[in-house]
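# Architecture and fold: a report
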Amino acid sequence: MFKTLMVAMAGLGLSAAVSAQELVAGQQYELLETPVETNVEDGQIEVTEVFWFGCPHCYRLQTPVNEWYETLDDDVSVVHMPATMGGDWNTHATAFYAAESLGIEDELHADFFNAIHQEKQSLTDPDDIAEFFANYGVSEEEAKQALTAFSVRSEVNKANSRMREMRLMGVPALVVDGRYVVTPSSAGSLENMPQVADELIKQVRAERAE
């Protein structure tokens, strides 16, 4: 219990430091040598959350990152991007883009995470995924068609290319403006990731105002 308390206190200390100090590339975040093209309207600042539904750290990040999203100003656009590293990762990425194509991803997103991490469902079999989708107003047949659609495969391939451009070897990650990469390691903890990303958003605003 003492150890847990000390870890929590260390996390609080880091959180305070994040907003009090100037961020340094290579410390609190990584700067991409070649920026990744963003997919938002002019004037918007893109924040890309890179995740895998099967990742316990990504699941733990959901509460702090979603609370942070609620505080973002109108000039920030959040993009969810599933990681693609083969196997179950790609299956879950396919499920994400299939749900998006069916217009149910926003409603389904948190429940898909919960089904895996709370209910211990793997959701890696197309039939199981289609059955899960059927809870959101689509038929299992529609779900199966979406899971095998060329447009969905194309989105998975695009995500794979973008992940390589971001030079990501793991998740979760927050990528700000296609240039600044924040990971649990660089931020000091999962809970610090939104705070570091928030400071980077301010930095982007300042750069654009010059």
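Now for a quick tour of the structure. (Residues numbered from 1 in each chain as written. Predicted model: local features only at pLDDT ≥ 70, side-chain atom pairs only at ≥ 80, totals over all residues. Heavy atoms only, no water.)

### Quick word on unusual backbone geometry
A cis amide bond links Val171 with the next residue in sequence, Pro172, at an omega value of 5°. For Pro172, the location among the structural elements is in the loop between α7 (150–165) and β4 (173–176). Look at Asp177: it is not a glycine, yet its phi comes out positive at around 60°. Following the sequence through the fold, Asp177 ends up in the loop between β4 and β5 (180–182). Using a relative accessible area of 13% as the deciding quantity, one classes Asp177 as buried. (Helix = DSSP H or I, 4+ residues; strand = E, 2+ residues; numbered from the N terminus. Buried < 20%, exposed > 50% of the residue type's maximum accessible area, 1.4 Å probe, protein only.)

### Some points on the packing of aromatic side chains
Across all of its chains, the model carries 12 aromatic pairs by this definition. With a centroid separation of 5.6 Å and an interplanar angle of 40°, the aromatic rings of Trp68 and Tyr69 are classed as tilted. You'll find Trp68 and Tyr69 in the same group, each marked buried. (Phe/Tyr/Trp six-rings, centres within 6.5 Å; stacked < 30°, edge-to-face > 60°.)

### A few points about the environment of Glu30
Among the secondary structure elements, Glu30 is positioned in strand β1 (residues 30–31). Sequence-wise, Glu30 and Val175 are 145 residues apart; in three dimensions their C-alpha atoms are separated by 9.4 Å. Residues within four places of Glu30 in sequence aside, it is in contact with Arg179, Tyr180 and Val181. (Contact = heavy atoms within 4.5 Å.)

### Section: the packing of helix α3 (residues 88–101) against helix α4 (residues 105–117)
Orientation of α3 relative to α4, taken along the N-to-C sense of each, is 150°, at an axis distance of 9 Å. With respect to α4, the axis of α3 lies roughly antiparallel. Read as a crossing pair, α3 and α4 show a hand that is right-handed. From α3, His92, Ala95, Phe96, Ala99 and Glu100 reach across to α4, where they touch Glu105, Leu108, His109, Phe112 and Ile116. Across the contact of α3 with α4, the residue classes break down as 6 nonpolar, 2 polar and 2 charged. (Axes fitted to C-alpha atoms, helices over the stretch in contact; angles between N-to-C directions. Parallel < 35°, antiparallel > 145°, perpendicular 65-115°, else oblique. Left-handed = near helix turned anticlockwise from the far one by under 90°. Nonpolar A, V, L, I, M, F, W, Y, C, P; charged D, E, K, R; others polar.)

### Brief notes about helix α6 (residues 140–147)
The complete set of buried residues in α6 reads Ala143, Ala146 and Leu147. For α6, the buried positions fall inside an angular range of 100° around the axis, keeping them on one side. Buried residues in α6 make contact with α3, α5 (126–133) and α7. (Arc of directions from axis to C-beta.)

### Structural notes on the sheet that holds strand β3 (residues 76–82)
With mixed pairing, the 5 strands of this open sheet are ordered in space as β1-β5-β4-β2-β3. The strands lining the two open edges of the sheet, one partner per strand, are β1 and β3. Pairing geometry for β1 and β5, over 2 bridges, is antiparallel. If you follow Glu30 over to β5, its bridge partner there is Val181. α3 contacts β2 (45–51) and β3 of the sheet and is inclined by roughly 135° relative to β3. (Pairing = 2+ DSSP bridges.)

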